[in-house]
Amino acid sequence: MSAGWRTLLLRIGDRCPEYSGSADHKEHIETCYAVISREYEHSRDAVFEFLLQCAEQLPHKIPFFGVLIGLMNLENEDFAKDIVDTTQAKLQDALHNENRDRIRILLRFLSGLMCSKVVVPNSIIETFETLLSSAATILDEETGNPSWQPRADFYVYCILASLPWGGPELFEQVPDEFERVLVGIQSYISIRRHFDDIAFSVFETDEGHSPNKKDFMEDLWERIQILSRSGWKVKSVPKPHLPFEAQLVAGKSHRLSPISCPPPNLSQTSSEILKGQEKHEADLKYPQRLRRLHIFPTNQAENMQPVDRFVVEECILDVLLFFNGCRKECAFYLVSLPVSFRYEYLMAETIFSQLLLLPNPPFRPIYYTLVIIDLCKALPGAFPSVVVGAVHVLFDRISNMDMECRTRLILWFSHHLSNFQFIWPWQEWSYVKDLPKWAPQRVFVQEVLEREIRLSYFEKIKQSIEDAAELEELLPPKAGPNFKFLSNESTENTDGHKLSKELFGMVRGKKSIRDIILWVEEHVIPTNGAEFALDVVSQTLLDIGSKSFTHLITVLERYGQIISKLCPNEEMQLLLMDEVSAYWKNSTQMTAIAIDRMMGYRLISNLAIVKWVFSPANVEQFHVSDRPWEILRNAVSKTYNRISDLRKEIQSLKKGLQVAKEVSAKAIKELEEAKSVLEIVEGQPAPAERPGRLRRLQVHADKAKTEEVTMEESLEAKGALLARALEESKELLKLLFKRFVDVLTERLPTVSADGEIPNLRAGYQNVNFAARDLETATMEIDNENGADKNSEPNGQNTKNGYSVGELEQWCLCTLGYLKSFSRQYATEIWSHIAMLDEEVFVGDIHPLIRKAAFSGLCRFTNEGSQL
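All values derive from a computational prediction rather than experimental measurement.

1. Side note on the overall build of the protein chain
Move 1: If you tally the helices and strands in the protein chain, you get 35 helices and four strands.
Move 2: Put simply, the protein chain has 867 residues, and 52% of those count as buried.
Move 3: Entry remark: accessible area of the protein chain is about 38,800 Å², with carbon and sulfur atoms responsible for 49%.

2. Regarding the confidence of the model for the protein chain
Move 1: Per-residue confidence for the protein chain gives a mean pLDDT of 86, with 88% of residues at or over 70.
Move 2: Across residues 4-23, where pLDDT falls below 50, the model places 44 contacts with residues more than four positions away in sequence or in other chains.

3. A short note on the packing of helix α21 (residues 495-508) against helix α23 (residues 530-544)
Move 1: At their nearest, the axes of α21 and α23 sit 10 Å apart, and the two run at 50° to each other. Judged by the inter-axis angle, α21 sits oblique to α23. Crossing hand, α21 versus α23: right-handed. On α23, the residues that touch Asp495, Gly496, Leu499, Ser500, Leu503, Phe504 and Val507 of α21 are Phe532, Val536, Val537, Thr540, Leu541, Asp543 and Ile544.
Move 2: For the contact of α21 with α23, a count of residues per class yields nine nonpolar, three polar and two charged.

4. Digging into the state of the cysteines
Move 1: All told, the structure shown has zero disulfides when counted by the stated rule.
Move 2: Free of any disulfide, Cys54 has its nearest cysteine sulfur in Cys32, 8.6 Å distant.
Move 3: For Cys54, a relative accessible area of 6% puts it in the buried group.

5. Topic: the side chain of Arg442
Move 1: Mapping Arg442 onto the fold places it in helix α19 (residues 440-455).
Move 2: Only 2.7 Å separates the side chain of Arg442 from the backbone oxygen of Lys433, close enough to count as a polar contact.
Move 3: Apart from residues no more than four positions distant in its own chain, Arg442 is found in contact with Val432, Lys433, Leu435, Pro436, Lys437, Glu473 and Leu474.

6. Quick look at the pattern of salt bridges
Two side chains with opposite charge may pair up if their charged atoms get near one another.
Move 1: Tallied over the entire structure, the rule returns 57 salt bridges.
Move 2: The residue Lys718 makes a salt bridge to Glu649 at a minimum N-O spacing of 2.7 Å. A residue pair is termed long-range when its members are at least 10 positions apart, and Lys718 in helix α30 (residues 691-747) and Glu649 in helix α29 (residues 627-676) qualify at 69 residues.
Move 3: Taking relative accessible area as the criterion, Lys718 reaches 25% and is therefore assigned partly exposed.
Move 4: The partner of Lys705 in a salt bridge is Glu708, and the shortest N-O contact between them spans 3.6 Å. On the criterion of helical spacing, the pair formed by Lys705 and Glu708 is a turn pair, its members being three residues apart in helix α30.
Move 5: Each of Asp101, Arg104, Arg108, Arg289, Glu314 and Asp318 takes part in salt bridges that share partners, so that together they form one network.

7. Digging into the packing of helix α3 (residues 44-57) against helix α4 (residues 62-75)
Move 1: Between α3 and α4, the shortest axis-to-axis distance is 9 Å and the interhelical angle comes to 155°. Here α3 is positioned roughly antiparallel relative to α4, judged by the angle of their axes. The way α3 lies across α4 gives a crossing that is left-handed. For the pair α3 and α4, the contacting residues are Leu51, Cys54 and Ala55 in the first and Ile62, Phe65, Leu68 and Ile69 in the second.
Move 2: A class-by-class count of the residues in the contact of α3 with α4 yields seven nonpolar, no polar and no charged.

8. Thoughts on the environment of Val751
Move 1: Among the structural elements, Val751 can be located in the loop between β3 (749-750) and β4 (768-769).
Move 2: Sequence separation between Val751 and Pro847 is 96 residues, and the spatial gap between their C-alpha atoms is 8.4 Å.
Move 3: Those residues in contact with Val751, other than ones at most four positions away along the chain, are Glu756, Pro758, His846 and Pro847.

9. A few points about the side chain of Arg627
Move 1: The topology assignment puts Arg627 in helix α29.
Move 2: The buried charged residue Arg627 lacks any salt bridge partner; its closest oppositely charged side chain belongs to Glu450, at an N-O distance of 7.4 Å.
Move 3: Within the structure, the side chain of Arg627 is placed 3.2 Å from the backbone oxygen of Trp584, a separation counted as a polar contact.
Move 4: Once you skip the residues sitting within four places of it in the chain, Arg627 turns out to touch Ser581, Trp584, Lys585, Ser587, Thr588 and Thr591.

10. Structural notes on the environment of Phe413
Move 1: Examined against the element boundaries, Phe413 turns out to sit in helix α18 (residues 403-418).
Move 2: Along the chain, Phe413 and Val391 lie 22 residues apart, while their C-alpha atoms are 8.3 Å from each other.

11. A word on unusual backbone geometry
Move 1: A cis amide bond links Leu358 to the next residue, Pro359, at an omega of 5°.
Move 2: For Pro359, the location among the structural elements is in the loop between α15 (344-355) and α16 (365-378).
Move 3: Phi is positive for Gln421, close to 60°, though the residue is something other than glycine.
Move 4: Considering the arrangement of structural elements, one finds Gln421 in the loop between α18 and α19.
Move 5: The exposure class of Gln421 is exposed, given its relative accessible area of 59%.
Move 6: Of note in the backbone geometry, Arg602 takes a positive phi value of approximately 60° without being a glycine.
Move 7: Checked against the element boundaries, Arg602 lands in the loop between α26 (588-600) and α27 (606-613).
Move 8: Taking the relative accessible area as the measure of exposure, Arg602 reaches 46% and is therefore partly exposed.

12. Some thoughts on α19
Move 1: Taking 1.5 Å as the rise per residue, α19 with 16 residues should run 22 Å; its terminal C-alpha atoms sit 23 Å apart, in good agreement.
Move 2: Within α19, 15 of the 16 residues are buried, leaving the element largely enclosed by the surrounding structure.

13. Focus: the packing of aromatic side chains
Move 1: Here the structure, examined in full by the defined rule, presents 40 aromatic pairs.
Move 2: Between Phe48 and Phe79 the ring centres are 5.8 Å apart and the planes differ by 90°, which places this aromatic pair in the edge-to-face class. With Phe48 in helix α3 and Phe79 in helix α5 (residues 77-97), this residue pair connects regions lying 31 residues apart in the sequence.
Move 3: Their ring planes at 55° and their centres at 6.0 Å tell us that Tyr157 and Phe216 sit as a pair that is tilted.

14. A few points about the environment of Ala382
Move 1: The topology assignment puts Ala382 in the loop between α16 and α17 (383-396).
Move 2: As for Ala382 and Glu344, which are separated by 38 residues in sequence, their C-alpha atoms are 7.4 Å apart.
Move 3: Once you skip the residues sitting within four places of it in the chain, Ala382 turns out to touch Arg342 and Glu344.

Conventions we followed
- Residues numbered from 1 in each chain as written.
- Predicted model: local features only at pLDDT ≥ 70, side-chain atom pairs only at ≥ 80, totals over all residues.
- Heavy atoms only, no water.
- Helix = DSSP H or I, 4+ residues; strand = E, 2+ residues; numbered from the N terminus.
- Buried < 20%, exposed > 50% of the residue type's maximum accessible area, 1.4 Å probe, protein only.
- Areas by Shrake-Rupley, 256 points an atom, 1.4 Å probe, with all protein chains shown as cover.
- pLDDT = per-residue confidence, 0-100.
- Contact = heavy atoms within 4.5 Å.
- Axes fitted to C-alpha atoms, helices over the stretch in contact; angles between N-to-C directions.
- Parallel < 35°, antiparallel > 145°, perpendicular 65-115°, else oblique.
- Left-handed = near helix turned anticlockwise from the far one by under 90°.
- Nonpolar A, V, L, I, M, F, W, Y, C, P; charged D, E, K, R; others polar.
- Disulfide = S-S within 2.5 Å.
- Polar contact = N/O pair within 3.5 Å; in protein donor to acceptor, adjacent residues only side chain to side chain.
- Salt bridge = Lys/Arg side-chain N within 4 Å of Asp/Glu carboxyl O.
- Lys, Arg positive; Asp, Glu negative; His and termini not counted.
- Expected span 1.5 Å × (residues − 1).
- Phe/Tyr/Trp six-rings, centres within 6.5 Å; stacked < 30°, edge-to-face > 60°.

This is the structure we're talking about:
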């Protein structure tokens, strides 16, 4: 295929701005068809593959490619039939491999081909009915497995998602058969189980913001019904086939071979826990593609029909899917969708819904950050103001936002501002300075400023908020070490300063690790004790490595053995983290990095980190700072990332071992065959092969066998490491949940006598905190945060001189993070659910704790206690 016509095809087919709205795109299709026709004789296979690839990777332009194939069908029916057969084969393969995106796109492509008279409408009906039949079978208690409803939902969703593209043609050409499909969908919707995704909602309470309480499938079905009642008129789906209809009807329509869906996974157990695991596995394989995030009020966002909103959402998600990793191209296609109306607000809502999708976004958050930045540059007169509006709305609702989403929003916003010179109308948020320091809006601004400093430097960020000087109070201290043994005239004669100075000299003198350890054991510990020795050594080494991240890594690599020798148990490791926190008390970032690196070098265990995070000093910070949560997230994610890495390595070793065995067997066989060929020499049988070749074959066979044995030993070693890591993760999970239970049980309000669960968002009148010393349970008096004792800061009241509102906020934050860990590590929780029930969630566990702990495990109900 020549580069010239490929370029022309890209210009016309992919980058054609006229292919949208009311512009006449007939001329462009004719031009493109002329180019394809000229090249077809020389590059049939290339044209064939290129058209299929375009249809799959630019699905929002499927009608365009459908017309091109329809025009090709007029001249070469075999070419079009091969397209249809190949698409059917790909669809069949995608169904059995559970490739969700390909299934959805290929069904849309087949609908587009039908509109261009390439596919018989009845074939599309038969395909829909096959998917419907499979979905209904899955929900059947006897012949299917209702735990796999996500797969059934997905099949029906694919049908519904293709109707805006092909529904008008089906309604016109096969109305009776089409009506039968719609009746089947209605029957399925009536028997499926409602999906309550409250545990995966961005906001804890959606009253007054969510337009309905329907789940995603019910909402989509309602949109399709509205479309049906309006005569199947869709503004958002281009219809380039209409100008060519008189030509296209002359072509032959091809039948689509029947497809088959994989049989349902039959349940082999009656255990509720095992059924729950099956549901979780189904959720992982067939996750919900979109959870709508309604940011803007109806009168502000674009006014479009419900089905048009769905189509544009699908197109945006498709562009994000196929252009991940290509930010510039992604932004280009996002701003040039083939629709005749504006959609900036909907685009912002869709991208933010993906960024904040729970439990995880489809791609790394940095991808959405870059796309938003490029969209602001591509649409400088429209999109930046939309983003600003979205931030203000999300900020206003931050107190109801899920804690995981809140963290993601902070990270995104700080990074976004760093690409626009940190310009923001901070004066509009200056009022947060007068809120209590635990108020969610104040904490949000505080954390954004802290993250900005990480991306820049203190003076720059201080200058960026000079129009809102009140917010300087929320800036963290200027980063820098807090060295306990800094020399000055009044302190340099103390033991600590003398020993620290001596250790400095030993490091600069390049003394060996053994010499330094002997010095610590013989001159420091006997006189001052192990804790004092740890104090001197850790503070001094941290100071040596304080210049940069690289200096810190170098110090830990070279002198980590000394720290390891001083921290043989968790008690000493807790003291070590206290020292790190004290040294870097003015830098949250360096504290997190130092502890993370120490865990990587196994100087600190993950269990010790959990215990340290839940120590009293850190517990008091749970609702006012992300500092302890960042350290905890790093520790838990590093633990499970190591397990994931080990599993990948073991999988790779297994494949390598199989290859090594085959190579070894082949080498041995060649050697034996060579030895078996004999000849008579002086009346005696002797090997016919030359001795040199036999030696080479022997060396090759020995080498192959050695490689096989090495692979087996490596696999055995990795297996042992995995078993150890799994046991560590089990203990980590148990300790993590146990600590959450302990601190929450101590502070949560009691359940009323009639069993009513307290509503922490309703104010203290609706809750009854356990009778105990309020001074130990509450955090700070309001007037210490700049508020009057009798005021009601941030909508909260005070009680007995202490802020009950603050205690409620602490409970909400801690429960929110518990829920976040539950969602993030739901698979691991399912693996150890029996152990957790027996060793952690025993006795009279507060229902709010149980609900948060199991929220990530219950898709079809929010009653976690039933597990």
